[in-house]
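Chains, contacts and geometry: an overview
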Amino acid sequence: MKKLLVVLLSLFVVLTVAACTKAPAEEPKGEVEEGTGVYTIYNMTGYDVTELYLYEVGSEDKGENLVAEKALAPEKVKTLEYTAASDAKLVLEFTTEEGTRSFDTLSIEVAPISLLSVDAAAGATNIKFEKGQGTGVYTVTNATGGVVSEIYMYPEGSEDKGQNWAGEAGLADGETVVVTIDGVLGLNHIFEFVDATGEARNFPTLHIEVASFDLLSVDAAAGATNIKFGY
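Residues numbered from 1 in each chain as written. Predicted model: local features only at pLDDT ≥ 70, side-chain atom pairs only at ≥ 80, totals over all residues. Heavy atoms only, no water.

**Notes on the sheet that holds strand S11 (residues 189-194)**
Two pairing modes exist for strands in a sheet, parallel and antiparallel, and in both the strands are linked by backbone hydrogen bonds. Pairing is antiparallel across the open sheet formed by three strands, whose spatial order is S9-S11-S12. If you trace the sheet from one side to the other, it starts and ends with strand S9 (150-155) and strand S12 (200-206), each paired once. Each neighbouring strand pair of the sheet contributes to a mean axis angle of 15°, computed without reference to strand direction. (Pairing = 2+ DSSP bridges. Helix = DSSP H or I, 4+ residues; strand = E, 2+ residues; numbered from the N terminus. Axes fitted to C-alpha atoms, helices over the stretch in contact; angles between N-to-C directions.)

If you want it as structure tokens, here you go:
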């Protein structure tokens, strides 16, 4: 009987110790914080970008070719978005006539990215975190029926309109002037002119590009637009 009591007592002690030394329950893991990267891509390679991918480092799936429907032409702009863990690293991969190149340490962020040619990259990196710059060339013909005294071209939001391209004498009806301006690709630029009535009118959504258009009279514009794109 004594032996049985000792055995039972020993078993009780063992069970008590085991209960006291039981491993604590794991705390539930918190949710992974996500973020969305927004990248404004400027094609500064001088060639069409025929393939463009954005995917996480280590992924075997690149996803869809983001320019499959239409290649990204030189000096054109495309905005990409990618949602992932806020600390994720992404690969930006692009293909031109010069081959396929990539940048594989892109963070989840909001950033402008210029894709570079092989020569411009000089082996250091294939991109630059900067907005693409270009030169807009606009062949403008006065079709208002009178003298246009003022012509300006300037970035949206700018307080400086720059030079008056109509010149001191103004631009006579039927005459043409070539307006050139350097600026950020993809950014809206405002084309403004003052016709013979003294009324200032504008076209607010021009980009840095090569284009030709006529300036219209109020009657010809009919409230729809103040210019007409031509050849």
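**Structural notes on unusual backbone geometry**
We note that Glu75 has phi near 65°; this positive angle belongs to a residue other than glycine. Considering the arrangement of structural elements, one finds Glu75 in the loop between strand S2 (51-56) and strand S3 (77-85). Relative accessible area serves as the criterion here: at 37%, Glu75 is assigned to the partly exposed category. (Buried < 20%, exposed > 50% of the residue type's maximum accessible area, 1.4 Å probe, protein only.)

**Thoughts on the pairing of strand S4 (residues 89-96)**
Across the eight residues that make up S4, a large majority, seven, are buried. Across six bridges, S2 lies against S4 in antiparallel orientation. Counterpart to Leu54 in the pairing with S4 is Leu92. Hairpin remark: S4 followed by strand S5 (residues 99-107), antiparallel, with two residues in the connecting loop.

**Structural notes on the sheet that holds S3**
What the four strands build is an open sheet, ordered S3-S1-S6-S7; its pairing is mixed. Each having just a single partner strand, S3 and strand S7 (127-128) make up the two edges of the open sheet. With two bridges joining them, strand S6 (residues 110-116) and S7 adopt antiparallel strand pairing. What sits directly across from Leu115, in S7, is Ile127.

**With respect to the nonpolar core**
Formed by 22 residues in total, the largest nonpolar core has its most connected members in Tyr138, Val140, Ile151, Phe191, Phe213 and Leu215. Elements supplying a minimum of two residues to this core: strand S8 (133-143), S9, strand S10 (176-184), S11, S12 and strand S13 (210-216). The element contributing the most residues to this core is S10, with four residues. Ranked by size, the runner-up nonpolar core spans 19 residues in total, among them Tyr39, Leu80, Ala84 and Phe94. (Core = buried A, V, L, I, M, F, W, Y, C linked by side-chain atoms within 4.5 Å.)

**So, the pattern of salt bridges**
Tallied over the entire structure, the rule returns four salt bridges. The closest approach of N and O atoms between Glu93 and Lys62, which form a salt bridge, is 2.8 Å. Of this pair, Glu93 sits in strand S4 while Lys62 sits in the loop between S2 and S3; the two residues are 31 residues apart in sequence, bridging distant segments of the chain. Here Glu93 falls in the buried class, since its relative accessible area comes to 8%. Overall, the relative accessible area of 35% leaves Lys62 in the partly exposed class. For Glu98, the salt bridge identified is with Arg101, shortest N-O distance 3.7 Å. Overall, the relative accessible area of 13% leaves Arg101 in the buried class. (Salt bridge = Lys/Arg side-chain N within 4 Å of Asp/Glu carboxyl O.)

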